[in-house]
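# Structural characterization, general
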Amino acid sequence: MPDSASSRRHFLQALSAASLYATAARTANAAGEASINLFPAETIGTVSPLVHGHFIEHLGGVIYDGVWVGEGSKIPNYNGARKSLVDAMRTLGPTVMRWPGGCFADSYDWRDGIGPSNTRPKRTNFWANNGRLRKVDQKHPSRSDPNTFGTIEFLRFCKLIGAEPYIAANLRALPAQTFVEWIDYCNSPGGTTLAERRAAHGAPEPFNVRYWGVGNESWGCGGNMTSEEYSVEYRKFISWVPQYSDQQMRFIPAGPNSFDFKWTRGFFSKMLEKGPGMLGRVWGWAVHYYCGGVGRGDSLNFNNDQHHSLLADADRIEDLITRHWNLMAEYDPQHRVKIVVDEWGAWHSDSTAPANHHLFGSVQTMRDALVAGISLDTFHRHADKVAMANVAQLVNCIQTLFLADEDKFCVTPSYHVFDMYKDHHNGESIRTEFNAPRVTFQGADNKAGTVVRLAGSATRKDKTVTLTFVNTSATDALPVNINAAGASISQATGVVLAGDKVQAANTFATPEAVKPKTLEVKVAGGSVQVNAPPASVVKLTLAI
Ligand code: AHR
């Protein structure tokens, strides 16, 4: 991975300052006991509900089948959107939804997805020729996109589930003018031809879409550009954008693939060639991070070493955030630009999806739920840096929250993590220390590796603290003692998510194999003791 002495220096400085607690957290104490120390008076930042965000792409079975079943469908729906999915999303609380891609975004012409649905063109989907989809009929919507789910359908879906829409614009294949026109179509209150067209399409009121992505993975599927080339294109796109309300629009450029620091450096330095004011036109820097791959086993079939190895990958997301953040500080010392973890999740190389057209889909296990817990807790601990994060993807794809195929539907273990963690929304993230010996494992390259055993986050709302954490060990329960500095814990309740094994999964046949249960909690002398089962995600609600 590209790196430089300078970014390394900043990383080390950060470790000794802002991230010191994280280092302490990963150090075993002498007696090998597990403890969590909370510091309710030391706040880091407010946890935005947007860090529990989502992502849907015209890819495989995400939109057609997953989200959209159509108005005439026998499958229960709200004006075409799958009812069971909408109902489940409503319980998670309001957040953000990114659409239409992913790589698909840079091939999408929004004008195909407006007007009467029977007049909309069918287009070859970006993913049409990808491996598994070749087994699917060319006429299937995953290959020949019918465009029945377009801008208005997406924005109505967001309203139904209470999500802020976040639209990713096509920078590779369409000019900046079409970007401006898409904004006009969505946001103009009236007086423009595009607002009149929107009204004629059944939506007279403007949608006021605030979050706009400009291209996606422009280093790869989004145009194979250099970061400098991309920066020039980005500036063109955001140079003049119509503003239709007092609400400031928020632009999100295509950021790096994982630890590609060269991309971050190239973009920011090229932007600054036009002066520091340019950074005022960037709200969030979109980082993509997937874990998984060779040596991590299959989605359902993996051993304990592969389990721990995948979780070690997932835990690298903290390094990713702090290292890009410190590099960004060289160009933006006041940190006007925040981090958007635009796509994240565990991506398994096999497919255990229930249908052939569910490209990149797999049945999800308790291991994936631990990836979700590790990732969301990291975003909370870095509430000062991470403004938004979108799990990839909502349904039938990668780190999915739902499996849906025709009339069959179930929630995955990861869904339950999002549900348990929603109490963090708008809470003040507080400093924490997590102390437990690390787990050792045999890595794919036959080298011994270690992974954090106990990791989590805590937020405070007045006198209530929500504490969430994972016990990553595939085999051993972990007794944990919890204290709050300068405060006494007077009451506590607990919820735990665990399966009968790490491979435990929810399927259409066993939809409740993994679901949250009450966790026994002992409160004594101002502290709390719990026993976290192997491979579990825990939530405690503490009165201090
Ligand atoms: O989420 C699947 C794909 O992964 C997205 O389309 C792309 O942005 C990323 O490479």
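Residues numbered from 1 in each chain as written. Predicted model: local features only at pLDDT ≥ 70, side-chain atom pairs only at ≥ 80, totals over all residues. Heavy atoms only, no water.

### Focus on the sheet that holds strand S24 (residues 521-524)
Taken in spatial order, the ten strands make up an open sheet running S23-S22-S26-S20-S19-S16-S1-S21-S25-S24, and their pairing is mixed. Whereas interior strands pair on both sides, the edge strands pair on one side only; in this sheet they are strand S23 (517-519) and S24. Direction aside, neighbouring strands of the sheet carry axes that sit 25° apart on average. Bridge analysis of S24 against strand S25 (residues 527-532) gives four bridges, and the strand direction is antiparallel. When the sheet's bridge partners are listed, valine 521 is paired in S25 with valine 530. Helix H12 (residues 413-421) contacts strand S20 (464-471), strand S22 (491-497) and strand S26 (536-543) of the sheet and is inclined by roughly 165° relative to S22. (Pairing = 2+ DSSP bridges. Helix = DSSP H or I, 4+ residues; strand = E, 2+ residues; numbered from the N terminus. Axes fitted to C-alpha atoms, helices over the stretch in contact; angles between N-to-C directions. Contact = heavy atoms within 4.5 Å.)

### Observations regarding the site of the ligand
Around the ligand sit 14 residues in total, of which Glu57, Cys103, Glu217, Tyr290 and Glu343 are the nearest. Between the ligand and tyrosine 290, the relevant distance is 2.8 Å, taken from an oxygen atom to a side-chain nitrogen or oxygen of the residue. Relative to its unbound accessible area of 280 Å², the ligand is 93% covered by the protein chains. (Near = heavy atom within 4 Å. Polar contact = N/O pair within 3.5 Å; in protein donor to acceptor, adjacent residues only side chain to side chain. Areas by Shrake-Rupley, 256 points an atom, 1.4 Å probe, with all protein chains shown as cover.)

### A look at H12
For an α-helix the count is 3.6 residues per turn, leaving residues at separations of three or four pointing the same way. The buried fraction of H12 is high, at eight of nine residues. All of the buried residues along H12 are Pro413, Ser414, Tyr415, His416, Val417, Phe418, Met420 and Tyr421. (Buried < 20%, exposed > 50% of the residue type's maximum accessible area, 1.4 Å probe, protein only.)

### Let's talk about the layout of surface pockets
Space inside the largest pocket adds up to approximately 360 Å³. Around the largest pocket sit 19 residues that line it, and Trp68, Glu71, Asn79, Glu153 and Arg156 are the ones nearest its centre. In terms of residues, the lining of the largest pocket owes the most to one element, helix H4 (residues 151-161), which gives five residues. Taken together, the residues of the lining of the largest pocket break down into nine nonpolar, six polar and four charged. (1 Å grid on protein atoms, 1.4 Å probe; cavity = no way out; pocket = protein on both sides within 12 Å on 5 of 7 lines; lining within 4 Å. Points joined across faces, edges and corners; volume = space filled by probe spheres on them. Nonpolar A, V, L, I, M, F, W, Y, C, P; charged D, E, K, R; others polar.)

### Side note on the sheet that holds strand S5 (residues 96-99)
The strand order around the closed barrel built from eight strands is S2-S5-S8-S9-S10-S11-S12-S13, with neighbouring strands paired in parallel fashion. Strand-to-strand, the axes of this sheet are offset by a mean angle of 30°, without reference to chain direction. Across four bridges, strand S12 (residues 338-346) lies against strand S13 (residues 386-392) in parallel orientation. Of the residues in S13, the one forming a bridge with valine 340 is methionine 388. Contacts between helix H10 (residues 317-331) and the sheet are confined to strand S10 (250-257), strand S11 (284-291), S12 and S13, with S12 contributing the most and set at about 155° to the helix.

### Digging into the environment of tyrosine 289
Structurally, the position occupied by tyrosine 289 is in strand S11. Classification of tyrosine 289 as buried rests on a relative accessible area of 5%. The sequence separation of tyrosine 289 and valine 530 amounts to 241 residues, and the corresponding C-alpha distance is 32 Å. When residues no more than four places from it in sequence are discounted, the contact partners of tyrosine 289 are Ser258, Phe259, Asp313, Ala314, Arg316, Ile317, Leu320, Glu343, Trp344 and Gly345.

### Concerning the pairing of strand S15 (residues 408-411)
Walk down a regular strand and you will see the side chains alternate between the two sheet faces. Where strand S14 (residues 402-405) meets S15, four bridges bridge the pair, whose relative direction is antiparallel. What sits directly across from aspartate 405, in S15, is lysine 408. As consecutive antiparallel partners, S14 and S15 are separated by two residues, and within that stretch glutamate 406 has a phi angle of approximately 50°, a positive value.

### Quick word on unusual backbone geometry
Between tryptophan 99 and proline 100 the backbone carries a cis peptide bond, its omega angle lying at 5°. Checked against the element boundaries, proline 100 lands in the loop between S5 and strand S6 (123-124). Look at the link from glycine 101 to glycine 102: it is a cis peptide, with omega at 20°. The topology assignment puts glycine 102 in the loop between S5 and S6. Even without being a glycine, asparagine 79 presents a positive backbone phi close to 45°.

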